[in-house]
Amino acid sequence: MSDLRSKFLEVYQVLKSELLSDPAFEWTDASRQWVEGMLDYNVPGGKLNRGLSVIDSYKLLKEGKELTDDEIFLASALGWCIEWLQAYFLVLDDIMDSSHTRRGQPCWFRIPKVGMIAINDGIILRNQIPRILKKHFRDKKYYVDLLDLFNEVEFQTASGQMIDLITTIEGEKDLSKYSLDLHRRIVQYKTAYYSFYLSVACALLMSGEKLEDHVDVKNILVDMGIYFQVQAVFSEYESKSYEKIDPFDRRTP
């Protein structure tokens, strides 16, 4: 796993280098330095489970066959697209929640001289995903399916965030607005699709599979994501039982 992780991190450096010389933008030293610092601060700092899961899932689908260097690179690139998506979500989520720390360090928007520039940085993170997909998957038969997949999961996640935010407003006045069914819907859309389903879906597309043929896999992964998030929130609540915490906080590392 350590060797796989090191290879995965090497691909990050390749993708970052490509993005920092993207011909669609006329780069200056200042803009390149800003984006590089923003990427290093926000993208590779987590556990990378979502990204690494693409490689692991693809290896399983290959039934133990040794992956070629090209296959490892492409699976890693898709994994990093998910990590880019995660970074985009978290940068904006921290602003909306007025959070102070993320992954043991100050939230990006809390860094001096960053502030609300972080909103635009989040937009840049989001827009770098299709740049990666276009460069490395444009000639693949499943390219359009990848674009559809990322767009759909982003929509589902943003919609889950919306439900969470408006429920918090209503819940301040009426606690009856909170329910187990509502909590399940928030966790399902805000977390489960991009944290559990997306990695496997990317591996399935790489393997030449059609996602509509694997609805049961999707349903199982979403249920796993819901279980994981409920367990994570309970563990946090238990460890901070004497502190004031938000039981609807689903921020994941």
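Residues numbered from 1 in each chain as written. Predicted model: local features only at pLDDT ≥ 70, side-chain atom pairs only at ≥ 80, totals over all residues. Heavy atoms only, no water.

Enquirer: When you look at the side chain of Ser 76 in this model, what are you seeing that I'm missing?
Expert: In this fold, Ser 76 is placed in helix H4 (residues 69-97). A residue is classified by how much of its surface remains accessible, and Ser 76, at 0% relative accessible area, is buried. Discounting chain neighbours no more than four positions away, the residues touching Ser 76 are Phe 8, Val 11 and Ile 55. (Helix = DSSP H or I, 4+ residues; strand = E, 2+ residues; numbered from the N terminus. Buried < 20%, exposed > 50% of the residue type's maximum accessible area, 1.4 Å probe, protein only. Contact = heavy atoms within 4.5 Å.)

Enquirer: Sorry if this is basic, but what is going on with the environment of Gln 229 here?
Expert: Relative to the helices and strands, Gln 229 resides in helix H8 (residues 215-239). Given a relative accessible area of 2%, Gln 229 falls into the buried group. When the C-alpha positions of Gln 229 and Ala 192 are compared, they lie 8.0 Å apart, and in sequence the two are 37 residues distant.

Enquirer: I would appreciate a short explanation of the side chain of Gln 156 in the present structure.
Expert: Here Gln 156 lies in helix H6 (residues 143-171). If we ignore the near neighbours within four places in the chain, the residues touching Gln 156 are Tyr 189 and Tyr 193.

Enquirer: How should I be thinking about empty space enclosed by the protein in this particular structure?
Expert: Taking a probe equal in size to a water molecule and rolling it over the atoms shows the remaining empty space. Inspection of every chain in the model, using the stated rule, returns 1 cavity of 30 Å³ or more. In this structure, the largest cavity encloses a volume near 110 Å³. Tyr 41, Asn 42, Ala 87, Leu 90, Val 91, Asp 94, Arg 102, Arg 103, Gln 105, Pro 106, Cys 107 and Trp 108 are the residues that line the largest cavity. Elements represented by at least two residues in the lining of the largest cavity include exactly helix H2 (29-42), H4 and strand E2 (105-106). The biggest single contributor to the lining of the largest cavity is H4, with 4 residues. (1 Å grid on protein atoms, 1.4 Å probe; cavity = no way out; pocket = protein on both sides within 12 Å on 5 of 7 lines; lining within 4 Å. Points joined across faces, edges and corners; volume = space filled by probe spheres on them.)

Enquirer: Looking at this model, I keep getting lost on the environment of His 136. Mind explaining?
Expert: Considering the arrangement of structural elements, one finds His 136 in helix H5 (residues 117-137). A relative accessible area of 14% places His 136 in the buried class. Counting along the chain gives 62 residues from His 136 to Leu 74, while the straight-line C-alpha distance between them is 7.4 Å. In this view, His 136 contacts Leu 15, Glu 18, Phe 73 and Leu 74; residues no more than four positions away in its chain are not counted.

Enquirer: I would appreciate a short explanation of the packing of helix H3 (residues 49-61) against H4 in the present structure.
Expert: Two quantities define a packed helix pair, namely the angle between the axes and the distance from one axis to the other. Two elements in contact, H3 and H4, have axes separated by 7 Å at closest approach and are oriented at 150°. Relative to H4, the element H3 is oriented roughly antiparallel. Two packed elements cross with a definite hand, and for H3 against H4 that hand is right-handed. Side by side, H3 and H4 meet where Asn 49, Arg 50, Gly 51, Val 54, Ile 55 and Tyr 58 of the first sit next to Glu 71, Ala 75, Ser 76, Leu 78, Gly 79, Ile 82, Glu 83 and Gln 86 of the second. When grouped by side-chain class, the residues that make up the contact of H3 with H4 number 6 nonpolar, 5 polar and 3 charged. (Axes fitted to C-alpha atoms, helices over the stretch in contact; angles between N-to-C directions. Parallel < 35°, antiparallel > 145°, perpendicular 65-115°, else oblique. Left-handed = near helix turned anticlockwise from the far one by under 90°. Nonpolar A, V, L, I, M, F, W, Y, C, P; charged D, E, K, R; others polar.)

Enquirer: Help me understand the pattern of salt bridges in this model?
Expert: Any two side chains of opposite charge can pair, on the condition that their charged atoms come close. A full pass over the atoms with the stated rule returns 13 salt bridges. Among the salt bridges present, the one from Lys 7 reaches Asp 3, with a minimum N-O distance of 3.8 Å. Of the two residues, Lys 7 and Asp 3 are both situated in helix H1 (residues 2-19); the distance of 4 residues between them amounts to about one turn of the helix. Since its relative accessible area comes to 33%, Lys 7 is described here as partly exposed. (Salt bridge = Lys/Arg side-chain N within 4 Å of Asp/Glu carboxyl O.)

Enquirer: Would you mind showing me how to read the nonpolar core here?
Expert: The tendency in soluble globular proteins is for nonpolar side chains to be buried as a group. Of all hydrophobic cores here, the largest spans 67 residues; its most connected members are Trp 84 and Phe 150. No other element matches the 15 residues that H4 contributes to this core. Setting aside residues no more than four positions away along its own chain, Phe 150 makes contact with Leu 78, Cys 81, Ile 82, Leu 85, Ile 129, Leu 133, Leu 198 and Cys 202. (Core = buried A, V, L, I, M, F, W, Y, C linked by side-chain atoms within 4.5 Å.)

Enquirer: It is not clear to me how a nonpolar patch on the surface should be interpreted in this structure. Could you clarify?
Expert: Judged by side-chain polarity, Met 96, Met 162, Leu 165 and Ile 166 come together as a nonpolar surface patch covering roughly 330 Å² of accessible area. With 3 residues, the single largest contributor to the nonpolar patch is H6. Mapped onto the elements of the fold, Met 96 is located in helix H4. Assessed through its relative accessible area of 44%, Met 96 is described here as partly exposed. (Patch = residues over 30% accessible without salt bridge, like charges linked within 9 Å, V, L, I, M, F, W, Y side chains within 5 Å. Areas by Shrake-Rupley, 256 points an atom, 1.4 Å probe, with all protein chains shown as cover.)

Enquirer: What am I meant to see in H3 here?
Expert: Three- or four-residue spacings in an α-helix give side chains the same orientation, since the helix completes a turn every 3.6 residues. Taking 1.5 Å as the rise per residue, H3 with 13 residues should run 18 Å; its terminal C-alpha atoms sit 18 Å apart, in good agreement. Remark: Glu 63 follows H3 within two positions and exhibits a positive phi of approximately 55°. (Expected span 1.5 Å × (residues − 1).)

Enquirer: Explain the confidence of the model for the protein chain here, please?
Expert: Caution applies to low-pLDDT parts of the model: their predicted coordinates are not meant to be read in detail. Averaged over the protein chain, the pLDDT score is 90; the fraction of residues at 70 or greater is 89%. Taken as a whole, residues 241-248 scores under 50 in pLDDT and shows 8 contacts with residues more than four places along the chain or in a different chain. (pLDDT = per-residue confidence, 0-100.)

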